[in-house]
There are 2 protein chains.
Amino acid sequence: MTSIFKVSAADAEIAADSVKFDDKGLALALACDHPSGEILMAAWMNRETLIQTLVTGRMTYWSRSRKEIWVKGLTSGHVQDVIGVELDCDGDALRFRVVQHGHAACHTNRFSCFYRTLDGAKWTATSHPRSSD
Amino acid sequence: MTSIFKVSAADAEIAADSVKFDDKGLALALACDHPSGEILMAAWMNRETLIQTLVTGRMTYWSRSRKEIWVKGLTSGHVQDVIGVELDCDGDALRFRVVQHGHAACHTNRFSCFYRTLDGAKWTATSHPRSSD
């Protein structure tokens, strides 16, 4: 069984000190499916939501459009449990390995947000929304 | 054999019209290893370098630090050949499937830039630089 990755609030504060947030206070957060590694979505975290993610083990972003804390899947049920996290060489991007509930990270009800494939000049949807159940 | 993905300059212009560049003229470009899917690095493209990437089939970023066109691997030989590309639901992030030459995307000579894994409060390097050959 895969266990959820969590740390203490004190450890999360120390871990966040190594992350370089940009001039808007944000770092890139990439959610990758565990164990396949496929990228599900790219979004952003500020220091507060990074710490909340690390402490709760549940992906929590900063919504740039709504300007609010965004616990992914809170309304849809498509939450993302954290299995592990890596920081990149620049310190400004995080890769989270997650278990995606509901088999849909995208708000279009697709597994991944990266579903439009370039074919010549056209971006073509190459995956289908999952049927509701 | 895996073939390199390229489009005509005219097709690249049309494809770029669907990409939403931010207030700095940039879109997120994620390079993922083909066929494993593992994220190698996260960087940025402006319209010009996106079109150059699509036309040449070789990953070409915009360096935010140097403020210049950055053909990845031009000096190291660690170029990235494009196998395919997907656009996300928001239209502001691109996933490129690439063949990474030299088995090192990171400037630290590691396969992926995401090599520091959180363990408690500490980010620990969990992959080693490849030996030079």
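Further up the page is the structure itself.
Residues numbered from 1 in each chain as written. Chains lettered and ligands numbered in written order. Predicted model: local features only at pLDDT ≥ 70, side-chain atom pairs only at ≥ 80, totals over all residues.

Colleague: An account of the overall build of chain A is requested, with residue identities and associated values reported.
Modeller: For chain A, the count of helices and strands is two helices and eight strands. In chain A, the order of α-helices and β-strands from amino to carboxyl end is α-β-β-α-β-β-β-β-β-β. At 15 Å, chain A has a C-alpha radius of gyration in line with the 14 Å of a compact globule built from 133 residues. Projected onto its principal axes, the C-alpha positions of chain A cover 45 × 35 × 30 Å. (Helix = DSSP H or I, 4+ residues; strand = E, 2+ residues; numbered from the N terminus. Rg over C-alpha atoms; globule rule 2.2 N^0.38 Å.)

Colleague: Could you give me a rundown of helix α2 (residues 47-56) of chain B, with the residues and numbers involved?
Modeller: All names here are of chain B. Taken together, the buried positions of α2 are occupied by Thr49, Leu50, Gln52, Thr53 and Leu54. Buried positions along α2 lie against α1 (9-17), β1 (27-33), β2 (39-45), β3 (60-63), β4 (68-71) and β5 (80-87). Remark: Gly57 follows α2 within two positions and exhibits a positive phi of approximately 75°. (Buried ≥ 20, exposed ≤ 12 C-beta atoms within 10 Å, placed from the backbone. Contact = placed C-beta atoms within 7 Å.)

Colleague: Quick one: what's the story with the relation of the copies chain A and chain B, residue by residue and with numbers?
Modeller: Mapping chain A onto chain B calls for a rotation angle of 180° and an axial translation of 0.0 Å; the resulting RMSD is 0.0 Å. Expressed as a symmetry operation, the mapping of one chain copy onto the other fits a two-fold axis. No C-alpha of chain A approaches the rotation axis more nearly than that of Gly37 of chain A, which lies at 3.0 Å. Here 100% of the interface residues in chain A have copies in chain B that are interface residues too; the copies meet face to matching face. (Least-squares fit on C-alpha atoms with pLDDT ≥ 70 in both.)

Colleague: I'd love a proper account of the pairing of β3 of chain B, names of residues and values included.
Modeller: Residues and elements named next belong to chain B. Strand direction decides the pairing type here: β3 and β4, joined by four bridges, are antiparallel. Within β4, the residue paired with Thr60 across the bridge is Val71. Between β3 and the antiparallel strand that follows it, β4, lie four residues; Lys67 among them carries a positive phi value of about 55°. (Pairing = 2+ DSSP bridges.)

Colleague: Quick one: what's the story with the interface of chain A and chain B, residue by residue and with numbers?
Modeller: Residue-level contacts link 33 residues of chain A with 33 residues of chain B. Residue assignment for the side of chain A that touches chain B shows that the elements contributing at least two residues are α1 (9-17), β1 (27-33), β2 (39-45), β5 (80-87), β6 (93-100) and β7 (116-119) of chain A. A class-by-class count of the residues in the side of chain A that touches chain B yields 19 nonpolar, eight polar and six charged. Inspection of the sheet shows β5 of chain A paired to strand β7 (residues 116-119) of chain B by two bridges, in the antiparallel sense. Bridging from a neighbouring strand, Leu87 of chain A pairs with Arg116 of chain B of β7 of chain B. (Nonpolar A, V, L, I, M, F, W, Y, C, P; charged D, E, K, R; others polar.)

Colleague: Give a description of the packing of α1 of chain B against α2 of chain B that names residues and reports values.
Modeller: Residues and elements named next belong to chain B. At a minimum axis separation of 9 Å, α1 and α2 run at an interaxial angle of 135°. The orientation of α1 with respect to α2, classified from their angle, is oblique. Between α1 and α2 the crossing geometry is right-handed. Residue-level inspection shows Ala9, Ala12, Glu13, Ala15 and Ala16 of α1 in contact with α2, the latter providing Arg47, Leu50, Ile51, Leu54 and Val55. Taken together, the residues that form the contact of α1 with α2 break down as eight nonpolar, no polar and two charged. (Axes fitted to C-alpha atoms, helices over the stretch in contact; angles between N-to-C directions. Parallel < 35°, antiparallel > 145°, perpendicular 65-115°, else oblique. Left-handed = near helix turned anticlockwise from the far one by under 90°.)

Colleague: Describe in detail the pairing of β6 of chain A, supporting the description with residues and values.
Modeller: Residue and element names in this part refer to chain A. Of all the eight residues making up β6, seven are buried; the element is thus mostly covered by neighbouring parts of the structure. The sheet contact formed by β5 and β6 spans seven bridges and is antiparallel. Across the sheet, Glu86 pairs through a bridge with Arg95, a residue of β6. Once β5 ends, the chain turns through five residues before running back antiparallel as β6, passing Gly91 with a positive phi of about 80°.

Colleague: Tell me what's going on with the nonpolar core, and back it up with residues and numbers.
Modeller: Leu30, Ala31 and Phe96 of chain A together with Leu30, Ala31 and Phe96 of chain B are the most contacted members of the largest nonpolar core, which has 68 residues in total. If sequence neighbours within four positions are ignored, Ala31 of chain B has contacts with Leu40, Met41, Met59, Gln80, Phe96, Val98 and Ala105 of chain B. (Core = buried A, V, L, I, M, F, W, Y, C linked by C-beta atoms within 7 Å.)

Colleague: Mind laying out the sheet that holds β2 of chain A, listing which residues take part and the relevant values?
Modeller: Ordered in space as β2(A)-β1(A)-β6(A)-β5(A)-β7(B)-β8(B), the six strands form an open sheet in which the pairing is mixed. The open sheet has two free edges, formed respectively by β2 of chain A together with β8 (122-125) of chain B, since each of these has just one partner strand. Taking each pair of neighbouring strands and ignoring which way they run, the sheet shows an average axis angle of 35°. Where β7 of chain B meets β8 of chain B, four bridges bridge the pair, whose relative direction is antiparallel. The residue bridging Asp119 of chain B from the neighbouring strand is Lys122 of chain B, located in β8 of chain B.

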